[in-house]
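# Overview (structure and organization)
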There are 2 protein chains.
Amino acid sequence: MAAMRIAVLKSLHRTTRLHNISQRFLLHRNEVRPISAIMSPPSMAVVYDNNGPPDKVTRMVEIPPVEVKENDICVKVLASPINPSDINRIEGVYPVRPQVPAVGGYEGVGEVYSIGSAVRGLSPGDWVIPSPPSSGMWQTYVVKEQSVWHKIDKQTPIEYAATVTVNPLTALKMLEDFVKLNSGDAIVQNGATSIVGQCIIQLARIRGVHSINITRDRSGADEVKEKLKKLGADEVFTESQLEVKNVKSLLTNMPEPALGFNCVGGNAASLVLKFLRNGGTMVTYGGMSKKPITVSTSSFIFKDLSLRGFWLQKWMSTEKAGECRNMIDHLLGLVRAGKLKYEMEMVPFNDFPTALDKALGKQGSHPKQVIAF
Amino acid sequence: MAAMRIAVLKSLHRTTRLHNISQRFLLHRNEVRPISAIMSPPSMAVVYDNNGPPDKVTRMVEIPPVEVKENDICVKVLASPINPSDINRIEGVYPVRPQVPAVGGYEGVGEVYSIGSAVRGLSPGDWVIPSPPSSGMWQTYVVKEQSVWHKIDKQTPIEYAATVTVNPLTALKMLEDFVKLNSGDAIVQNGATSIVGQCIIQLARIRGVHSINITRDRSGADEVKEKLKKLGADEVFTESQLEVKNVKSLLTNMPEPALGFNCVGGNAASLVLKFLRNGGTMVTYGGMSKKPITVSTSSFIFKDLSLRGFWLQKWMSTEKAGECRNMIDHLLGLVRAGKLKYEMEMVPFNDFPTALDKALGKQGSHPKQVIAF
């Protein structure tokens, strides 16, 4: 049993820093390391050996030290969130996911702990985020090549540095990529209380773009409306408030929106489509209701609607990292200036199982869970 | 009664050549025409005074002669089809339609009968089509401004000249406008037996583009398949043949299609989406099943599908007539060269009610009905 466990850990330790099978075999044949090699500290990690229900298949494991090669950086992780896509990766339902066994987590922020001999431009103490993000952030020490890491301003609130990529960058990219928006234009979105939704409201407002926001019917809807209006939302409607013949008659002092965002599906997607102007575009980036989108043929023919999709991970795998990093610097600048905010709950690493239960929705509604290491 | 009838005819006669109310009133105040004015012959027309079921609201009426002004051309109509959109205009369910009372019909071909004094470049005997098409073609003589008419080659078979715009031009424009297709690429479509579908098969084949064609389940499906294959279809499937786990496994020697066309909706639209490759586009131009299109959110996010629409009438109202006319000349050239064909049934004008019943689907399945005047 002990021997098996060590084998699992060795395999795991290699998968956390190597991405391809052939490299893994090379390392296997060359197990003897020079005595002078820089080694990372041992790392406490949230590991899953198989895909499945995250609260069943994940466990805390200490991963042995790994070598910090000449182009590598060892980062002491400071914070990393539990995103829905992290959960889907563990469940095995996300289209692109790490080979198991794997360490969970995909984005986060850390402090440079030690650097390989050929590393230039980064020093111990610097704050860095993986950009584009990459798997294995739910652990105390991560070793990855220098090219993975993007240095950020240490004045940034740690929870925002940890979460800037997956949600705010999605919001920014979707506002910029599909329709040319000018000051005075409008957008419409469902799932407006999500972090992406809150970022869209604030980033639209900064551009002088109005936002029409659709939320679920639930107790506390008035508070939610007030909260979103404080962020800059122009209009906030619950789905049931939109059960009217012509939703556009509810708009005042605002053009019909040319761009809509859907992260829900089902009726909430139909409501976004109803608000769109002729020739408008709806971008789908989530499917929280697990219901499909239903559209009449005449919406395409006579209303000339376009339906598109957005997947951050795919975009980041095709674009130059530079564009992505400039956008992140811009977003973190807005955070530091107090112009971009959203609610999060920081949780100590030891309480990971509780945070995971909250992220899985087992304890009602909670803010985004961010693990502090 | 007689007085009322004349009033209707007068009003009708004016609406066939004038588009705006104020002009109509001007004519009203100026009823006395110069004696030397060129007048059209009286015109036998299919007229409807109100929107409703076409077989109930249409009737044959003789419209009195109308003045051929200096920039006008009087055209003796030779042939004009009954398209589904003509029926929808009469029913009042088409988004853009002429004011009632109106003469039916939207495309067709005719021979120049007489010309206004300022007309240059067209002479009696020339063959012309309205391009972009315009309402009022179901009558024996039409008077419209010279700019409406496009001269075509008199070697063109009359039934193709009469029908080239609404269907073949849709097929050509949709193949050219949404996705850049290269020789060796593939497209997928449902409603493949429609005239647009048949044109897509042939126009794709001319470009070296493979076509995957989906048809309804019906008796005679094998004959339909043979017919489409003769036109150049690479693959023809009935909907039930596509009830398999992975439709793409049915394809041989063909890339996954980047472009799909939907004129049906419902399950037939879902089948088009299943064939599309990652990043593919489906263009909806019809909704024959009257069922909506249902799409999973993941099709947009992870498969990066785009759903668009095409409406010929809108395109023609926004583009320069020149582009449209060049495309029509190209299409009629293909017809004359025997490279573009589809089935039609020519019907004498006197049998219009029978042709209308056939077009309304009251007598089973029939080829496109083309009225010969």
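Conventions we followed
- Residues numbered from 1 in each chain as written.
- Chains lettered and ligands numbered in written order.
- Predicted model: local features only at pLDDT ≥ 70, side-chain atom pairs only at ≥ 80, totals over all residues.
- Heavy atoms only, no water.
- UniProt positions renumbered as here; feature names shortened; annotations may be inferred.
- Helix = DSSP H or I, 4+ residues; strand = E, 2+ residues; numbered from the N terminus.
- Buried < 20%, exposed > 50% of the residue type's maximum accessible area, 1.4 Å probe, protein only.
- Contact = heavy atoms within 4.5 Å.
- Axes fitted to C-alpha atoms, helices over the stretch in contact; angles between N-to-C directions.
- Parallel < 35°, antiparallel > 145°, perpendicular 65-115°, else oblique.
- Nonpolar A, V, L, I, M, F, W, Y, C, P; charged D, E, K, R; others polar.
- Pairing = 2+ DSSP bridges.
- Right-handed = clockwise from strand over helix to strand, strands pointing away.
- Least-squares fit on C-alpha atoms with pLDDT ≥ 70 in both.
- Buried area = accessible area lost by both parts, 1.4 Å probe.
- Salt bridge = Lys/Arg side-chain N within 4 Å of Asp/Glu carboxyl O.
- Polar contact = N/O pair within 3.5 Å; in protein donor to acceptor, adjacent residues only side chain to side chain.

Going by an unreviewed UniProt entry, chain A carries the name Enoyl-[acyl-carrier-protein] reductase, mitochondrial and comes from Nepenthes gracilis. Its UniProt record gives chain A the following Catalytic activity (unreviewed entry) comment, quoted word for word: "a 2,3-saturated acyl-[ACP] + NADP(+) = a (2E)-enoyl-[ACP] + NADPH + H(+)". Turning to chain A, the UniProt annotation filed under Sequence similarities (unreviewed entry) states: "Belongs to the zinc-containing alcohol dehydrogenase family. Quinone oxidoreductase subfamily."

Once that is clear, we can look at the side chain of Asp-86 of chain B. Residues and elements named next belong to chain B. Take Asp-86: it is sitting in helix α4 (residues 84–91). Residue classification places Asp-86 among the buried residues on the basis of a relative accessible area of 3%. Discounting residues that sit within four places of it in the chain, Asp-86 has contacts with Pro-81, Gly-105, Tyr-106 and Trp-138.

Mapped onto the secondary structure, Leu-305 of chain A falls in the loop between α10 (297–301) and β15 (306–309). Considering only alpha carbons, one finds Leu-305 of chain A and Asn-278 of chain A, 27 residues apart in sequence, at a separation of 6.6 Å. With sequence-adjacent residues up to four places away left out, Leu-305 of chain A is seen in contact with Leu-273, Leu-276, Arg-277, Gly-280, Ser-299 and Phe-300 of chain A together with Leu-307, Arg-308 and Gly-309 of chain B.

Relative orientation and spacing of two packed helices are given, respectively, by the angle between their axes and the distance between those axes. All names here are of chain A. The interhelical angle for the contact between helix α7 (residues 195–206) and helix α8 (residues 221–231), taken along N-to-C directions, is 40 degrees, at an axis separation of 8 Å. Classified by the angle their axes make, α7 and α8 are oblique. Packed against α7, whose contacting residues are Gln-198, Ile-201 and Gln-202, the element α8 presents Lys-227, Leu-228 and Leu-231 at the interface. Tallied by class, residues from the contact of α7 with α8 come to three nonpolar, two polar and one charged.

This paragraph deals with the sheet that holds strand β2 (residues 58–63) of chain B. All names here are of chain B. Taken together, three strands build an open sheet; the order of strands is β2-β1-β4 and the sheet is antiparallel. Two strands bound the open sheet, and with one partner strand each, they are β2 and β4 (102–103). Where strand β1 (residues 43–48) lies against β2, six bridges are found, and the strand directions are antiparallel. Along β2, the bridge assignment pairs Ser-43 with Ile-63.

Take unusual backbone geometry next. Cis geometry is adopted by the peptide bond preceding Pro-101 of chain A, which originates at Val-100 of chain A and carries an omega value of -5 degrees. Structurally, the position occupied by Pro-101 of chain A is in the loop between α4 (84–91) and β4 (102–103). Of note, the phi angle at Lys-290 of chain A is positive, near 60 degrees, even though the residue is not glycine. If you check the backbone angles, Asn-253 of chain B has positive phi at about 55 degrees while not being a glycine. Residue placement: Asn-253 of chain B occurs in the loop between β11 (235–238) and β12 (259–262).

Take the pairing of strand β9 (residues 186–189) of chain B next. If a strand is regular, its side chains alternate between the two faces of the sheet. All names here are of chain B. In β9, alternate side chains face the same way, and those of Ala-186 and Val-188 on one face and Ile-187 and Gln-189 on the other are all buried. In this structure, β9 lies alongside strand β10 (residues 210–215), joined through four bridges in parallel fashion. Looking across to β10, one finds that Ala-186 is bridged to His-210. In this view, the connection linking β9 to its parallel neighbour β10 by way of helix α7 (residues 195–206) has right-handed handedness.

With that out of the way, let us pick up the relation of the copies chain B and chain A. Superposing chain B onto chain A takes a rotation of 180 degrees combined with a translation of 0.0 Å along the rotation axis, leaving an RMSD of 0.0 Å. Put plainly, the chains are arranged around a two-fold axis. Of the residues that chain B buries at the interface, 100% are likewise interface residues in chain A, meaning the two copies contact each other through the same surface.

All names here are of chain A. In space, the three strands of this open sheet follow the order β2-β1-β4, with antiparallel pairing throughout. The open sheet has two edge strands, β2 (58–63) and β4, and neither has a second partner. Bridge analysis of strand β1 (residues 43–48) against β4 gives two bridges, and the strand direction is antiparallel. Looking at β4, one finds that Tyr-48 is bridged to Ala-102.

Taken together, the contacts link 27 residues of chain B with 27 residues of chain A. Summing both sides of the interface, chain B and chain A together bury roughly 2,100 Å²; the carbon and sulfur share of this comes to 66%. Its largest share of buried area at the contact with chain A, chain B owes to Phe-300, Ile-301 and Phe-302 of chain B, together 28% of the area lost on that side. Applying the counting criterion to the chain B and chain A interface returns two salt bridges. Among the ionic pairs, Lys-314 of chain B bridges to Asp-304 of chain A, the shortest N-O distance being 3.3 Å. Counting across the interface, chain B meets chain A through seven residue pairs in polar contact (both at pLDDT 80 or more). Mapped by element, the contributors of at least two residues to the side of chain B that touches chain A are β14 (293–295), α10 (297–301) and β15 (306–309) of chain B. Residues belonging to the side of chain B that touches chain A are distributed by class as follows: 13 nonpolar, ten polar and four charged. With three bridges joining them, strand β14 (residues 293–295) of chain A and β14 of chain B adopt antiparallel strand pairing.

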